[in-house]
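Take a look at the letters that make up each chain.
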Amino acid sequence: KYLDAAAKEQPQNAEIPYMIGRSYADMFNYKLAIPFYQKAVELDGTKYGWLYELGLIYYSQNDSKNALKYIREAGDKGYPKDNGYMQNLGIAYIDAGNFDNGITVLTELLKKRPSDVNLLDLIAQSYYEGKKYDNAMNYWDTILGQDKTNASALYMIGMCYIKKGDKAKGSQLCDK
């Protein structure tokens, strides 16, 4: 109630809608958080941390278009492009259907974390969704090179063979 009163007294103070939105976000009520974050970044678009948080909130709401928009804008305005940022940016691209940009971002990140199985799997899955089955198989094969017992990677390689038309080989790998 105090923040609502403050918003009426100081309608141009961007901190107030941000604090309201952040409070809703901290309570995992993202739908109510979004309009307050939007108001805050409308009043002060220089706060790249707020833009990034808004992008992540949209991401949690499966709104890939807005997630990508705000994550990119945060980076453009100075948000540190650390590993976490880059991974979220890559995922946002992929979720928005822009596989090529997403794969490019994640592949660059992979240079810093070459044995990150989750990152390898994200890239492989992105190639698979983009119907580039040979590339997907290469990444899943890299995972198998690190862990021969990774059934998911083996299964997905089998699925790639099936999608490429080699149903017998694919089925055999999936069954294995």
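Scroll up to find the structure.
Residues numbered from 1 in each chain as written. Predicted model: local features only at pLDDT ≥ 70, side-chain atom pairs only at ≥ 80, totals over all residues. Heavy atoms only, no water.

### Thoughts on unusual backbone geometry
Filter applied, for reference: Strands here are runs of E lasting at least two residues and helices are runs of H or I lasting at least four, both read from the DSSP assignment and numbered beginning at the N terminus. To sort residues, take the accessible area from a 1.4 Å probe on protein chains only and compare it with the maximum for the residue type: under 20% means buried, over 50% means exposed, and anything in between is partly exposed.
The phi torsion at Phe28 lies on the positive side, around 60°, for a residue other than glycine. Mapping Phe28 onto the fold places it in the loop between helix 2 (15-26) and helix 3 (30-43). For Phe28, a relative accessible area of 64% translates into the label exposed. Of note, the phi angle at Lys131 is positive, near 65°, even though the residue is not glycine. Assignment of secondary structure puts Lys131 in the loop between helix 8 (117-129) and helix 9 (133-146). Residue classification places Lys131 among the exposed residues on the basis of a relative accessible area of 61%.

### A few points about helix 2
We count it as follows: The span one expects for a helix is its residue count, reduced by one, times 1.5 Å.
Helix length check: helix 2, at 12 residues, gives a terminal C-alpha distance of 16 Å against a target of 16 Å (1.5 Å per residue), a fit within 8%. Buried residues of helix 2: Ile16, Pro17, Tyr18, Ile20, Gly21 and Ala25, and no others.

### A few points about the side chain of Asn150
Just so we agree on the cut-off: Contacts are assigned to residue pairs that have any heavy atoms within 4.5 Å of one another.
As for its placement among the helices and strands, Asn150 is situated in the loop between helix 9 and helix 10 (151-164). Judged by relative accessible area, Asn150 falls into the buried class, the value being 19%. In contact with Asn150, other than residues within four places in its own chain, are Val117, Ile143 and Leu144.

### Brief notes about the pattern of salt bridges
As a reminder, the rule being used: Salt-bridge detection follows one rule: a side-chain nitrogen of Lys or Arg within 4 Å of a carboxyl oxygen of Asp or Glu.
This structure, assessed with the given rule, holds 8 salt bridges. Measuring nitrogen to oxygen at the nearest pair gives 3.6 Å for the salt bridge that ties Glu15 to Lys47. Note that Glu15 is positioned in helix 2 and Lys47 in the loop between helix 3 and helix 4 (48-60), a separation of 32 residues in sequence. Note on Glu15: relative accessible area 34%, which makes it partly exposed. Put simply, Glu73 and Lys77 hold a salt bridge, and the shortest N to O gap is 3.1 Å. The partly exposed category is assigned to Glu73, whose relative accessible area is 24%. Salt bridges here are not isolated pairs; linked through shared partners, they connect Arg22, Asp26 and Glu53.

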